[in-house]
Every structure is written in C-alpha cells, then in structure tokens.
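# Structural overview for review
The chain contents come next:
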Amino acid sequence: MTSPAATAILAARRARLNLAPLGAHAPHDAAGGYAVQREVAQAMGAIPPAGFKIGATTKQMQAYLGLAGPAAGFVPASGLHATPAQVRFADFVAPGVECEVGLRLGADLPPGPCTQDQARDAVAEVFAAIEIVEKRYDDLAALGTPTLIADQVFHAAGVLGVPAANWRDLDLGATRGRMHVGGELRGEGVGADLLGHPFAALAWLAASPAAAVFGGLRAGQVVFLGSVTPPIWIEGPTEVEVAFDTLGRVSLRFV
C-alpha cells in the first residue's frame, strides 16, 4: 500500500502541479525521504530504476537546498532520451537544464563503502549529458529536505550523449563543460566540481542511502553525476547544447 506522502507526490506529477508541503505525512528525515522515493519508483514501474541522478554536489547548491551533502534520485527509463532529443515544453513543470557528466555502469556496485578506484572500475561508458529538472515547488523551506529527496531531487528527464571512445585516457577532473541555451553561453565548469572528481561522485552514490534503499547500483544503469553549472530555468521553446571539451556534445530542443 502506497503511503500518503508517495500518493501526494504521484498525484502532483500526474496533474503537473507544484508539490505542496506534505504536513503530517512528510518524511521526517533523509532516510524517510529515500523510503518514500522508493515507493514512488515502485508505483512508476521503475524497480530497478534505469539509473540515478546526483544533486547538490557543490557547497553552493547544498546551502541553497538546506542539505549537509549531496542527494540522489532514481531515474526511470521513460525519461531517458538519446541525443539529439526533442521534448514538449508543455510536458514539464517550470523546467530547467543542467550540464552533466554522465556514465553507464558495466558492473554492479553493491551498496556500502566504495573507493574512487572501485567506482571507476565499474564504469563502461562516459558521455556528456543534459538533465532536465523541474522547479515544482513553491517554497523549498516549507517543503523540507526529506520531501525534496522523496520527490527525486528535481529530476524530470535526461538526454544522453554518445560515449567517449577513449574516456579511460582522459583527465575527467579537468574536462570542461559549457552549456548554451538559445545560442547563448549560460554556464561552464569542470569535472572536479563534482565532489572533486566524477568518479568520487559515483563512489558517494554507491555508499549513499539511495543505493541502499534500491539494493545497490547495477550494470547497465545510467548515472547523471551532477551538474558543473547551476540549473538554467527555461521559459519556453528553445534549444540547449552541452559540450565537454573531451566528451563531445549533446543537444536538446524544447518545442
């Protein structure tokens, strides 16, 4: 039986409405938030999920969201698109885009402590990616961090680039990503912005409560490792391009 918290989240999604604070039904802590998130995934037919997103990898975003560290959300297969992608702007609630390093796992990572080297060894592909997020909340402080976690930490969809052929030879901490929206440069950053290194972010995910509640990370899953830029909120149909100097390009059109 789905909890009132998960039921409210799913109802807001179906109606494309902002999620209101859950009051007495809100999860009390991060662990409770991840438990509700798993209920949402179950109701969406996303167990096991197609992957995960990591949010709030920078101190600035952690402070903004009231988090002591990063947070993660599951990614359903229905929201994944290959580049070049086209989506309807009207299908999203106040959408935004993020400039991401993405990867696909080639081996399982069990839940629990994980080193950066162990994380790297489980990776099969690395590519540029765009995460589509939604600002589906009126007041984050009133909503509360556990409810934000329950609602997948802003996740809505994502676009996957073509895997880089030589990623094992690249300095992924130094790779620089730039995001253009409507032809205008809107942000840039480097892989080291993701907890020091993209694979450090993956190691964090493997040891996180999200991995524990979903039974670990599995071969074939996609991971959005976090944005090297702040989110850029989209006001209408436009084109988005993310380009990393060593990982290639990925494009998205809102129509």
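Provided above is the structure to which this section pertains.
Residues numbered from 1 in each chain as written. Predicted model: local features only at pLDDT ≥ 70, side-chain atom pairs only at ≥ 80, totals over all residues. Heavy atoms only, no water.

### Quick word on the layout of surface pockets
We apply this condition: Within this scheme a cavity is a closed region of a 1 Å grid, computed over the protein atoms alone, that accommodates a 1.4 Å probe without allowing it to escape, whereas a pocket is open but has protein on both sides within 12 Å along at least five of seven lines; lining residues each have an atom within 4 Å of a point. Grid points are joined across faces, edges and corners, and a volume is the space filled by probe spheres set on the points. Where helices and strands are cited, they refer to DSSP runs of H or I of at least four residues and of E of at least two residues respectively, numbered from the N terminus. As a working rule, the residues Ala, Val, Leu, Ile, Met, Phe, Trp, Tyr, Cys and Pro are called nonpolar, Asp, Glu, Lys and Arg charged, and the rest polar, with Gly in that last group.
Of the volumes computed, that of the largest pocket is approximately 450 Å³. Surrounding the largest pocket, 23 residues form its lining, Arg13, Met44, Glu134, Arg136 and Ala156 being those nearest its centre. When residues in the lining of the largest pocket are grouped by element, the largest group, 5 residues, is from helix 1 (residues 4-15). For the lining of the largest pocket, the residue count by class is 11 nonpolar, 5 polar and 7 charged. Size it by volume and the second largest pocket reaches roughly 330 Å³. Taken together, 23 residues form the lining of the second largest pocket, with Met61, Glu98, Thr229, Pro230 and Pro231 sitting closest to its centre. Residue assignment for the lining of the second largest pocket shows that the elements contributing at least two residues are strand 1 (51-55), helix 3 (59-65), strand 5 (95-105) and strand 10 (222-227). For the lining of the second largest pocket, the element with the most residues is helix 3, which contributes 4 residues. In terms of residue class, the lining of the second largest pocket is made up of 12 nonpolar, 7 polar and 4 charged.

### Brief notes about helix 7 (residues 198-206)
As a reminder of what qualifies: Buried means the residue's accessible area, taken with a 1.4 Å probe over protein chains only, is under 20% of the maximum for its type, while exposed means over 50%, and partly exposed covers the values in between.
Among the 9 residues in helix 7, 8 count as buried, and that is most of the element. Regarding helix 7, the residues found buried are Pro198, Phe199, Ala200, Ala201, Leu202, Ala203, Leu205 and Ala206.

### A short note on helix 2 (residues 30-43)
This is how it is decided: What a helix is expected to span follows from its residue count: subtract one and scale by 1.5 Å. Regarding the arc, it is the one traced by the directions from the helix axis to the C-beta atoms. Any two residues whose heavy atoms approach within 4.5 Å at even a single point are treated as in contact.
Along its 14 residues, helix 2 runs 20 Å from first to last C-alpha, staying within 8% of the 20 Å computed at 1.5 Å per residue. If you check which residues of helix 2 are buried, you get Gly33, Tyr34, Val36, Gln37, Val40 and Ala41. Seen along its axis, helix 2 keeps its buried residues to an arc of 160 degrees; they face one direction. Those residues of helix 2 that are buried lie in contact with helix 1, strand 2 (71-75), helix 6 (145-150), helix 7 and helix 8 (209-213). Taken from the residues just after helix 2, Gly45 is the one with a positive phi, measuring 70 degrees.

### Focus on the packing of aromatic side chains
Put simply, the rule reads: In this analysis, rings of Phe, Tyr and Trp, with Trp reduced to its six-membered ring, are considered paired at centre separations within 6.5 Å, and the interplanar angle assigns stacked below 30 degrees, edge-to-face beyond 60, and tilted for intermediate values.
Counted by the stated rule, this structure contains 6 aromatic pairs. On the basis of an interplanar angle of 80 degrees and a centroid distance of 5.4 Å, the ring pair of Tyr137 and Phe154 is categorised as edge-to-face. Separated by 17 residues along the polypeptide, Tyr137 in the loop between strand 6 (123-134) and helix 5 (140-143) and Phe154 in the loop between helix 6 and strand 7 (155-160) bring together distant segments of the chain. According to the relative accessible area criterion, Phe154 is buried, its value standing at 11%.

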